[in-house]
Amino acid sequence: MEKIHLVSSSPRRQTLLTQMGIPFDVFPVETEEDMTRDIGPEVLARTIAEEKLHAFLKNPPIQVKWAVAADTFISYHDRRVGKPENRLEAERELLSLSGMTHQVLTGISLYRAKDRTILTEVDITDVTFRPLSAKEIAWYLDTEEWKGVAGSYRIQGKGECLISGINGSYSNVMGLPITRFYGMLTKLDFTFD
Ligand SMILES: Cc1cn([C@H]2C[C@H](O)[C@@H](COP(=O)(O)OP(=O)(O)OP(=O)(O)O)O2)c(=O)[nH]c1=O
C-alpha cells in the first residue's frame, strides 16, 4: 500500500489512520488558522484544510505520492471555536456548550501527486451536551483533557461523560471522519492492497 503524508501534528489523526491500516509519515505545517473570517463554517473548514495542504505543497518531500491535511473546529450560534488558550477559556467554552447542541466540522484536503489532484470535503457531526453542573465542569477541567482540542473536550476520553447524544461520525469529532475519508480515497483510486 502507498504511504500517505499526514500534514498534521494531531495524535488523534495518527490513531485513526492506524485504525484504517494506512501507512503514513507525519509532516505537520504551521499555518495561521484564522477563524475570524466572514465566511460560513463549511467554507471555513474547507479553506483552512486547503491552506494546510498548500503550505505543505510549497516544499514537499520528493517521494510524496499522497498527502492529507485536515482541520477540526466546533460551531454554534454563528461562533467558530478552536482550541482554548487556557483553563479560563476552556471553562467558558464548556459553560456555553452545556445543555445544547453544537456542530463539529472537519475539513479534509487530499492530494494525489501523480496528476496533482486535490479533493476537499467537509464532514459535520452534531454533538449534544447534557446540562453540566459547576462541579462537573470543575472536575472536567481538572482532567486537563481540554488542552489542545477544539471545543475544550475530548469525545474519546472522559469528555464522553459530558455528552447526551451524537448525530453523525464519531471519528469526525476526533479529527478525521473515517467513512468520508475512505470515500475520498476511493474516489481518487487509492489502492488498499
Ligand atoms: C471536539 C474534539 C476535538 N479533538 C481534536 C481533533 C484535532 O486534533 C483538534 C483540533 O485541532 P486541529 O487544528 O484540527 O488539529 P491539530 O492542531 O491537532 O493538528 P494540525 O493543525 O497540525 O493538523 O481537536 C479531539 O481530539 N476530540 C474531540 O472531542
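Heads up: the structure comes first, above all this text.
All figures in this text were calculated on a predicted structure; none of them were measured in a lab.

A.B. asks: Any details on the side chain of Glu121? Residues and values, ideally.
C.D. replies: Among the secondary structure elements, Glu121 is positioned in strand E6 (residues 117-129). Within the local environment of Glu121, its side chain forms a polar contact with the side chain of Lys187, the two groups lying 2.5 Å apart. If we ignore the near neighbours within four places in the chain, the residues touching Glu121 are Arg46, Thr106, Gly107, Ile108, Arg180, Met184 and Lys187.

A.B. asks: Tell me what's going on with the nonpolar core, and back it up with residues and numbers.
C.D. replies: Phe129, Tyr153 and Phe181 are the most contacted members of the largest nonpolar core, which totals 39 residues. Among all residues touching Phe129, those that are not within four sequence positions of it are Leu94, Leu97, Ser98, Gly99, Met100, His102, Tyr153, Leu162, Ile163 and Ser164.

A.B. asks: With reference to specific residues and values, describe unusual backbone geometry.
C.D. replies: Positive phi values are uncommon outside glycine, yet Asp78 reaches one of about 65°. The topology assignment puts Asp78 in the loop between strand E3 (66-76) and strand E4 (79-81). Overall, Asp78 belongs to the exposed group, its relative accessible area being 78%. A positive phi angle, near 70°, is found at Ser152, a position not held by glycine. The exposure class of Ser152 is buried, given its relative accessible area of 1%.

Analysis parameters
- In this convention, every chain numbers its residues from 1, walking through the sequence in written order.
- Per-residue local features of the predicted model are confined to residues with pLDDT of at least 70, and side-chain atom pairs are confined, for both listing and counting, to 80 or more; whole-chain, interface and lining totals are unaffected and use all residues.
- By convention in this description, side-chain values take in all heavy atoms of the structure and omit both hydrogens and water.
- By the criteria applied, helices consist of DSSP H or I runs no shorter than four residues and strands consist of E runs no shorter than two, each listed in order from the N terminus.
- Definition of a polar contact: a pair of N or O atoms within 3.5 Å, with one able to donate and the other able to accept a hydrogen when the atoms are protein atoms, and with sequence-neighbouring residues admitted only if both atoms are side-chain atoms.
- Contacts were defined at the residue level, with two residues in contact if any of their heavy atoms lie within 4.5 Å.
- By nonpolar core is meant a set of buried Ala, Val, Leu, Ile, Met, Phe, Trp, Tyr and Cys residues that side-chain atoms within 4.5 Å join together.
- Note on classification: 1.4 Å probe, protein chains only; a residue is buried when its accessible area is under 20% of the maximum for its type, exposed when over 50%, partly exposed between these limits.

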